[in-house]
Structure formats: structure tokens, C-alpha cells
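# Breakdown of the fold
If you want the building blocks of each chain, they are given just below.
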Amino acid sequence: MTAPVKPAKAKPVASDRARAETRLGQKLVAPAIVLMLLVTAFPMLRALYLSTFDYALTAPDDRSFVGLSNYLTALTDPLFWQTTGVTVLYMVVTVAVELVIGFIFAMVMHRVIFARGVIRTSILIPYGIITVVSGFAWQFAFSFQNGFVNGWLPFVGDDFNWFGQTGSAVVAIMVSEIWKTTPFMSLLLLAGLAQVSEDMIEAAKVDGATWTQRLTKVILPNMRAAIMVAVLFRALDAYRIFDNIFVMTAGAVKTESISFLTYRQTIEQFQLGMGSALSVLLFLSVLVVAFAIVKLFRVDLAQARQES
Amino acid sequence: MRSTNGLWGRRSRRRRRAALAAVAALAAGSLTACGGSGKPVLNWYVNPDGVDTFQKYAKSCSTDQYELSVQLLPNGATDQRTQLARRLAAEDSSTDLMNLDPVFVAEFANAGWLQQVEGDLADSITASVQGDGDYLKGAAETVTWDDKVYAIPLWANTQVLWYRKSLAQAAGLDMSQPVTWDQVIQAAADNGGTVGVQANKYEAYVVWINALVQGAGGDIVSDTEAGRDAKVDIDSDAGRKAAEIIKELADSKAAQPDLTVSNEGTSLGQMFPKDGAGEFMVNWTFVYKNYEGLVGDSLTDQQFADLGWARYPQTVAGEASKPPVGGIDIGVGAYSKHPDFAMEAARCITSEQAQVDLALDNGLMPSTNAAYDKVSASGDYPADLIELFRTSVDEGGPRPKSAFYAMISGAIQAKWHSPTSVSPGSTPKDSATYLKDVLEGKSLL
């Protein structure tokens, strides 16, 4: 087994010229690497450093070192957990709905025979609209004064204020988020669909598999990687939800996400220490979400392998 | 090959020409920015009220040595504060002059972002705080921090009680005498009227709460120069009295349907509704010109004549009310490259004539007695209204001056909103505990 690998490994017995070229290459990319480290690592280290201070921008003289106290305050504060809860709710619901609708759209884009370009483009239009703009559009749509949503929904009164209480405001924000980013999901799923071999589907058809069987036994298992990527990207994106909330409720009636809380601490309250601690926590929670999704799909992958 | 080369040649020539044009445009732009003749250009960041007058004064206050250029800030006070703070925190040398909402002055001064005002002008402002100078006391108080002066009052805003004379008459209220919140709410409820306030979850709600608390002789916080160690006073009889009034209105028939999201604009339409007796409304000075402008359009002369005004209602009967003080102060950026020019320009912009022009052209009331006299003499406003504005600013109550004002305001909003949930027994106490925790960094906001 290892025999064919060895020659491949032994292959780069480099000549002097090749080694010199490698060295030159390293020297050439070194500035880019240093720059990248500066750009990415510096802000992160700076945030870590700042998070250990009680520091308000408007009171520079009162700055004091507090160690991990900001983290402790944040993690023991009900407001932090309430915003985290709402953020997870936004993420789970929007990603789940988008996965279903996005898959349907992907199927349509994949199978469409006539007017392919027009249909694909029109499905993708919402994604091309700036989030703030779509936030405003949906805010107007849900407004009880000049919006159309109340008129269209038979079970809602004409003067129902969507942004007056948490439940309905969260729904409105989710609708705007789903409308905006479903095309992105469907685009990623379309790429996955395109990878599923037509031969396999044909073979399943010949074997007498029904449409549902072909979908669940052939198409979906073969799209696992694409689905994982789509879910991962969207989940991380949804976890950082900010613009829609900013425009539609400005965080009122407990619709605030964890990004919004961080923004308010840092930009509105000028609390650089607490704001930095929150952004570090946000960064860590994004890592946890990413890890959980990768882990989750790996389990599925292993199960699928056992089944097949 | 040749044709390709030719194509590339043409393209690159076209590109080069475009690049040259861009460079020329940039050069022209930067030349204009320098005033063309090498004169320094001072940037004056203004809020979007009275911009035409600001433009006029930017021109007339420019001299042979420098030029003033007006830059527009966003609409909302929070956005204005954020934009200015971001520039100043980055030590932006192009922020020379700025229009500041009074509540930002303490924050900005404490952060070291404002030039101190010195000399005779500072003396006059300091004397006015004691009640001796030309500036109205309420306006002068907004620009002092740590016993020093950090900005110059430009225009001073205040709230009065606007009402329908017919409604007050029906209720048998003698409006020539001070009225209390209790009387106003009862009068409106018993006579089919309403009471208009600002109770959305935003700064103006704090303005209302602050006026109620001060009107009962209390404070939200005191000893604010101690920063995070300021004394939190809202859990007091005054705080409870304020909560009682808010609860009384929220539970009353006089509450407007959109009470919990009401703002300066929402109750304007309730003064002269199609049906109903109208309202009592606490609101800023712009209200008079607003309704005057509607006469002949959606308002008859008779209706306009029914509009009355009185001093801000008392929280406690017999104790003078503390009308809210707002307005705009002019500050000079600490990192300005031309601090002397900027200070000179700030004096010119806040001159008596400029204040008179702002009042007559834009309805923005002056901050000095001398300017008030001129506005009063112009006959543009009823004399008693002008006098009411002046005494309201003079005897008004500013919001807490603190480097942590944003936190104080946010913490109050968090616990006092919505007005329907306010309870005299628990709200002042809860908000005091929370405010203390927030100031000490023990609680998130």
C-alpha cells in the first residue's frame, strides 16, 4: 500500500536551482504573510488586550485593569444569555427554512428547461440587494400604517403592529433574513446538485426507484458535502445577524442579537473593554457553532457509510 | 497579432487618458478643499436643523485668513454623537467646529475632545450659570464641565405645555396659574381629550422622566463628576412621584393609543383631530411654527386661535416645574489644526445676530437674553410665548451631566420602558440598582 506513495514523497530531491527558487518564493510571499498576520492577528490580540480593562472612550483617565471581570460580568448577565438565545433562534429557524426552500429553488434551477437564465437570475435577485435596503423594504412591508403584509394575511388585524412585541418582531426579522439569503443557499445547493452523477440517477430509475427514493437514497447522500458547506456558511452568517435588526427594530422588544449587543456596548456606549470582551465571546461562540456543524455532519457521514 | 496589439494599444491609451482625468479631478478637488488660495478650510459639522442659516453664517464668518465649510451630520442625535465621537476618538484634525446636543458636552469634554473656551466669553458663561450674565442660565449650564467652559450655547430649546383652550375651558382649568400633571391628565380624561408625551424607548423619554423627577425636587443621579461613582438618586420620593405620574397617564383614558412608541411628531396630529376635544401636549418650541404653517391648509384661523401654551406642568402641586432644556452648543475640536481660527469662528457663529436669525428663520430659540429681546421685538411670535420660552430655559432643568451619560440614559430607558409597565413601588428601586450595576461595570446594558 505504501509503495506507490514513497516515490511520490521521495520525488522532490530538489536541485540547487529548485531550492533557490523555493527560497526566493518564500522571500516573495513573506511580506504578504506578515501583512496578513498584522491585519488579522493584530485586531484579535488588541481585542483580547482591551477586554481586560474597564475602559470607556469618554473617560480615558478612569481606565483600569480588571482581568477577566468583563467576561465574568457578561457570562453571568441574563441579558447576554437572552441575546444569545434569540441569536440561536434566528440561526436555527432561518437556516432550516432556507435549507428547504433553497433546495426547492436549486432543483428548479437545475431542472429548468426553458428561460433558464431568466429564472436563475430572478431567483438570485434578492441576494443582490443590500441587506440594509431589504431590511427597510420589509420594515415598510410589515408596517401597519403602509405595509401590505397585514392586508394579505387573513388571520392578522389591519392595525396589528408587528414590531410591538418580541414574537412577531422576531418573525418579521426572520422573514426578511430568509428572503434575502435563501438564494445564497440555493446557489450552493445547485453546485452540489450539479455534482450528482446523472448516471446514478438513471440507474436508480432503471432499478425502479421512486422519485422520493431517488431523492433520499441517491441525490441527498451525494450532496452531503455541499449541504454541509451551505449550512455551515449560512449558520455562521446567521449567527452574526445585525443589519435587519438594526433597521427593523433597533434592538427593541428583545430582538437584539449578540452582534447587536456588542455593537451597542462598543459604538453606542463607548465601553471598549466590555465591547471587546463581548466580541471575543462572539468569536468563540462562532467557533463553537462551526465545530458543532462540522461534527454533526461527520456523524451523518459515518452513518451513511455504514448504511451503504 | 497586429490588430490585437492595436486594440491593446488603444485600450491602454484610453485607460491612461481616464487615469489622467481622474488625477486631474482629484487635484482639482484637493485644491478646492484648500480654498484654492491656500487659505485653510475649517469644517463645521452641523445637525440638520436650520442648515440654510448655518450656510449663510459659514459664508459671512469666513475671513481673509480662513474659510468655513458646512458638513452635514445625520438626523438622529445618537447617530450625530457616534459620528463625531468616532472622528474625535481618532484624533481627526479636520473636525474643527461642531454642533453638539447639550448632553454630549460633558462626555466629549471629559474625553478631552473639546477645546476649552477661555477669556471674556467663558467668564460671561460662568457668570450666567450664577444668573448674572447674558446667557440664559439653563443654556449656560449645558456647556460647563468640571467648572470650565467647553462650548458656546447657540440655540436653546425647551418644552412647554401646548393645549386646546377649549379643552382647558371645558375642564374648568385656570391656565394662567401653574397646572400639575395630575390636573392635566384628569382634565383630558374627563373631557374626551388626551395627553401627548414622548414615551418611545429613546432619549426623549429620559427627557420626560428627568423633568418629572426634577420637578419633584429630585435627581436621577448627582455628583456626576465622580464618573462611575456618581450617586444614584432615582430611588427616592421624587423618583416614585415621577413613576406615579407615568403610571397614572398610562392607565388613564387620556393616554394616546401609541403611548409606548410616541415621539415628538406622533402627538402633533392629536391637537386638532377630526373628532374629539384635542389634547394637552408637552413638546418643544417648534410646535407654534408647525401649526401656524398649517393655517389655511388643514387648519382654520379659528382652530389656530384655540391653541394655547403654558409652563411645563408641575410634578408636585406648588413646586415649580423644571422644563426640559435642549438646543445646540458649538464646540471646537481638540485636534483642530487651527484652534484659534476655529474659536474665532465659533464666536462669530454664535453671535447675537446669528441667534436672532436662527429664531426668526428657523424657529430655533436663542440662548442669550439680548437675542431674546430682539426676537421679541420682531413681533414674529406672541410676546407671552417668547417670554414663556425664555423663562422655561432659564428655570429649566438640564439632564445629568456625566461622562457616562449614554449609560445613564440607556439604563433608565431599559427599566422605565414601557410606560405601561412602570410601577411606583418597584421601577425607581429596580432602575437605581440596575443603574449602579451598569455604572460599576457589573451589568450589561
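Residues numbered from 1 in each chain as written. Chains lettered and ligands numbered in written order. Predicted model: local features only at pLDDT ≥ 70, side-chain atom pairs only at ≥ 80, totals over all residues. Heavy atoms only, no water.

### Quick look at the overall build of chain B
Our working rule: Only DSSP runs of H or I reaching four residues or more are called helices, and only runs of E reaching two or more are called strands; each is numbered from the N terminus. Classification of residues uses two cut-offs on accessible area relative to the type maximum, computed with a 1.4 Å probe and protein chains only: under 20% is buried, over 50% is exposed, and between them is partly exposed. Residue contacts are defined here by distance: any two heavy atoms, one from each residue, within 4.5 Å place the two residues in contact. Each accessible area is a Shrake-Rupley result for a 1.4 Å probe, and residues are judged covered by the shown protein chains and nothing else.
Assigned secondary structure in chain B consists of 18 helices and 12 strands. Structurally, chain B occupies a C-alpha span of about 95 × 60 × 55 Å along its principal axes. Buried positions account for 53% of the 445 residues belonging to chain B. The long-range fraction of contacts in chain B, counting pairs at least 24 apart against all pairs at least 6 apart in sequence, stands at 73%. Accessible surface for chain B amounts to roughly 18,400 Å². Of this, 48% is attributable to carbon and sulfur atoms.

### Focus: the pattern of salt bridges
All names here are of chain A. Counted only if it meets this: Here, a salt bridge means any side-chain nitrogen of Lys or Arg that lies within 4 Å of a carboxyl oxygen of Asp or Glu.
Counted under the stated rule, the structure contains 31 salt bridges over all chains. For Asp237, the salt bridge identified is with Arg240, shortest N-O distance 2.7 Å. Its relative accessible area of 45% is what places Arg240 among the partly exposed residues.

### Describing the interface of chain B and chain A
Stated formally: What counts as buried area is the accessible surface, traced by a 1.4 Å probe, that two parts surrender upon association, with contributions from both included. Side-chain atoms alone can form a polar contact between residues adjacent in sequence; in general such a contact is a pair of N or O atoms within 3.5 Å, and within protein one must be able to donate a hydrogen while the other accepts it.
Taken together, the contact pairs 19 residues of chain B with 22 residues of chain A. Contact between chain B and chain A buries roughly 1,800 Å² in total, counting both sides, with carbon and sulfur atoms accounting for 57%. Of all residues in chain B, Arg228, Leu444 and Leu445 of chain B bury the most surface against chain A, accounting for 36% of the area lost on that side. Where chain B packs against chain A, one counts 1 salt bridge. Where chain B packs against chain A, one counts 12 residue pairs in polar contact (both at pLDDT 80 or more). Looking at the side of chain B that touches chain A, the elements with two or more residues in it are helix H3 (77-89), helix H4 (102-110) and helix H17 (405-416) of chain B.

### Some details on the packing of helix H9 (residues 203-215) of chain B against helix H10 (residues 237-251) of chain B
Residues and elements named next belong to chain B. Keep this limit in mind: Working convention: axes come from line fits to C-alpha atoms, limited for helices to the stretch in contact. Angles between N-to-C directions cover 0 to 180 degrees. An angle counts as roughly parallel when it lies under 35 degrees, as roughly antiparallel when it exceeds 145, as roughly perpendicular when it falls between 65 and 115, and as oblique in every other case. Helix crossings are classified by the rotation of the near helix relative to the far one: an anticlockwise turn of less than a right angle makes the crossing left-handed, while a clockwise turn makes it right-handed. Classification convention: Asp, Glu, Lys, Arg as charged; Ala, Val, Leu, Ile, Met, Phe, Trp, Tyr, Cys, Pro as nonpolar; all other residues, Gly among them, as polar.
Where H9 meets H10, the closest approach of the two axes is 8 Å, and the angle between their N-to-C directions is 125 degrees. By the angle class used here, H9 and H10 are oblique. Along this stretch, H9 crosses H10, giving a crossing that reads as right-handed. Contacts between H9 and H10 pair Tyr205, Trp208, Ile209, Leu212 and Val213 from the former with Ala238, Gly239, Ala242, Ile245, Ile246 and Leu249 from the latter. The residue makeup of the contact of H9 with H10, split by class, is 10 nonpolar, 1 polar and no charged.

### Side note on unusual backbone geometry
With omega at 0 degrees, the peptide bond leading from His417 of chain B into Ser418 of chain B counts as cis. Phi at Ala250 of chain A is positive, roughly 55 degrees, even though this residue is not glycine. Note that Ala250 of chain A resides in the loop between helix H12 (243-248) and helix H13 (258-268).

### Quick notes on the packing of aromatic side chains
Here is the rule: Only rings of Phe, Tyr and Trp enter the pairing, Trp through its six-membered ring, and a pair is recorded when the two centres are within 6.5 Å. The plane angle decides the type: under 30 degrees is stacked, over 60 is edge-to-face, the rest tilted. To sit over a ring, a charge needs its Lys NZ or Arg CZ within 6 Å of the ring centre and within 35 degrees of the ring normal.
As enumerated under the stated definition, the model contains 31 aromatic pairs over all chains in all. Seen from their ring centres, Phe53 of chain A and Phe65 of chain A are 5.7 Å apart, and the 80 degrees between their planes marks the pair as edge-to-face. Highlighted residues: Phe53 of chain A in strand E1 (residues 53-54) and Phe65 of chain A in strand E2 (residues 64-65), separated in sequence by 12 residues. On the accessibility criterion, Phe53 of chain A (11% relative accessible area) is buried. The exposed category is assigned to Phe65 of chain A, whose relative accessible area is 60%. The interplanar angle of 25 degrees and the centroid separation of 6.0 Å between the aromatic rings of Tyr163 of chain B and Phe280 of chain B together place this pair among those described as stacked. Here Tyr163 of chain B is found in strand E6 (residues 152-164), whereas its partner Phe280 of chain B is found in strand E10 (residues 279-284), with 117 residues between them in sequence. Since its relative accessible area comes to 7%, Tyr163 of chain B is described here as buried. Pairwise contacts between aromatic rings join Trp138, Phe142, Phe160, Trp162, Phe163 and Trp179 of chain A into one cluster. Sitting over the face of the ring of Tyr55 of chain A, Arg63 of chain A holds its NZ or CZ atom 4.7 Å from the ring centroid.

### Let's talk about the pairing of strand E1 (residues 41-46) of chain B
Residues and elements named next belong to chain B. Definition in use: Classification remark: right-handed applies to a crossover when, strands pointing away from the viewer, the course from the first strand over the helix to the second runs clockwise. Two strands form a pair only when DSSP identifies at least two bridges running between them.
Most of E1 is tucked away, with 5 of its 6 residues classed as buried. Of the crossover connections in this fold, the one passing from E1 over helix H2 (residues 51-60) to the parallel strand E2 (residues 67-72) is right-handed. Strand direction decides the pairing type here: E1 and strand E3 (residues 97-100), joined by 2 bridges, are parallel. In the sheet register, Trp44 faces E3, and the bridge partner there is Leu97.

### Details of helix H5 (residues 119-129) of chain B
Residue and element names in this part refer to chain B. Threshold: An arc is given here, and it is the one of the directions from the helix axis to the C-beta atoms.
Inspection of H5 places Leu121, Ala122, Ile125, Ser128 and Val129 among the buried residues, and these make up the whole buried set. The buried residues of H5 occupy an angular sector of 125 degrees when projected down its axis, which confines them to one face. Among the exposed residues of H5, those pointing more than 90 degrees away from its buried face are Asp120 and Asp123. In this structure, the buried residues of H5 make contact with helix H6 (137-142), strand E4 (144-145), strand E5 (148-149), E6 and helix H13 (339-349).

### A word on the state of the cysteines
Residues and elements named next belong to chain B. Keep this limit in mind: Cysteine sulfur atoms are paired as a disulfide whenever they come within 2.5 Å of each other.
Following the criterion strictly, the structure yields 1 disulfide over all chains and no others. Covalent S-S linkage joins Cys61 and Cys348, the inter-sulfur distance amounting to 1.9 Å. Its S-S torsion of about -80 degrees marks the bond between Cys61 and Cys348 as left-handed, since a negative value means left-handed. A residue pair is termed long-range when its members are at least 10 positions apart, and Cys61 in the loop between H2 and E2 and Cys348 in helix H13 qualify at 287 residues. Relative accessible area serves as the criterion here: at 27%, Cys348 is assigned to the partly exposed category.

### Describing a negative patch on the surface
Keep this limit in mind: Grouping into patches uses exposed residues only, defined as over 30% relative accessible area, and leaves out salt-bridged ones; the cut-off is 9 Å for like charges and 5 Å for nonpolar side chains (Val, Leu, Ile, Met, Phe, Trp, Tyr). We treat Lys and Arg as the positive residues and Asp and Glu as the negative residues; His and chain ends play no part in the count. Charge positions come from single atoms, namely NZ of Lys, CZ of Arg, CG of Asp or CD of Glu.
On the surface, a cluster of negative charge is contributed by Asp61 and Asp62 of chain A together with Asp146, Asp147, Asp223, Glu225 and Asp229 of chain B. Tracing the backbone shows Asp146 of chain B in the loop between E4 and E5. Asp146 of chain B sits in the partly exposed class, given a relative accessible area of 39%.

### Remarks on the packing of helix H9 (residues 198-206) of chain A against helix H10 (residues 211-222) of chain A
Residue and element names in this part refer to chain A. Taken N-terminus to C-terminus, the directions of H9 and H10 make an angle of 165 degrees; their axes are 10 Å apart at the nearest point. The orientation of H9 relative to H10 falls into the category roughly antiparallel. Two packed elements cross with a definite hand, and for H9 against H10 that hand is right-handed. Residues Met200, Ile201, Ala204 and Lys205 of H9 lie in contact with H10, whose contacting residues are Arg214, Val218, Ile219 and Asn222. Residue composition of the contact of H9 with H10, by class: 5 nonpolar, 1 polar and 2 charged.

### Some details on the nonpolar core
To be explicit about the condition: The term nonpolar core refers to a set of buried residues drawn from Ala, Val, Leu, Ile, Met, Phe, Trp, Tyr and Cys, joined through side-chain atoms within 4.5 Å.
In this structure, Leu97, Phe108, Val195, Trp208, Phe280 and Trp416 of chain B are the most contacted members of the largest nonpolar core, which totals 118 residues. The next biggest cluster of nonpolar side chains, apart from the first, holds 43 residues, and it includes Ala74, Phe80, Met185 and Ile201 of chain A.

### With respect to a nonpolar patch on the surface
Among the surface-exposed residues, Leu24, Leu28, Val29, Ile33 and Leu37 of chain A lie close enough to one another that they form a single nonpolar patch of about 490 Å² accessible area. Note on placement: Ile33 of chain A falls in helix H2 (residues 16-50).

### Things to note about the confidence of the model for chain B
Keep in mind that low pLDDT regions are not for reading the predicted coordinates in detail. Residues and elements named next belong to chain B. To keep it simple, the criterion reads: Per-residue confidence from the prediction method is given by pLDDT, with values spanning 0 to 100.
Chain-level pLDDT for chain B is 89 on average; 92% of the residues reach the 70-or-more range. Contacts for the low-pLDDT stretch residues 1-12, under 50 throughout, to residues beyond four places or in other chains number 1 contact. With pLDDT under 50 throughout, residues 26-35 is counted as low confidence; its partners more than four residues away or in other chains account for 6 contacts. We note a pTM of 0.79 for the whole complex and an ipTM of 0.72 for its interfaces.

### Observations concerning the pairing of E3 of chain B
Residues and elements named next belong to chain B. Side chains of E3 alternate between two faces, with Leu97 and Asn99 and Met98 and Leu100 buried alike. Sheet topology places E3 next to strand E12 (residues 325-332); 4 bridges connect them, and they run antiparallel. Counterpart to Leu97 in the pairing with E12 is Val332.

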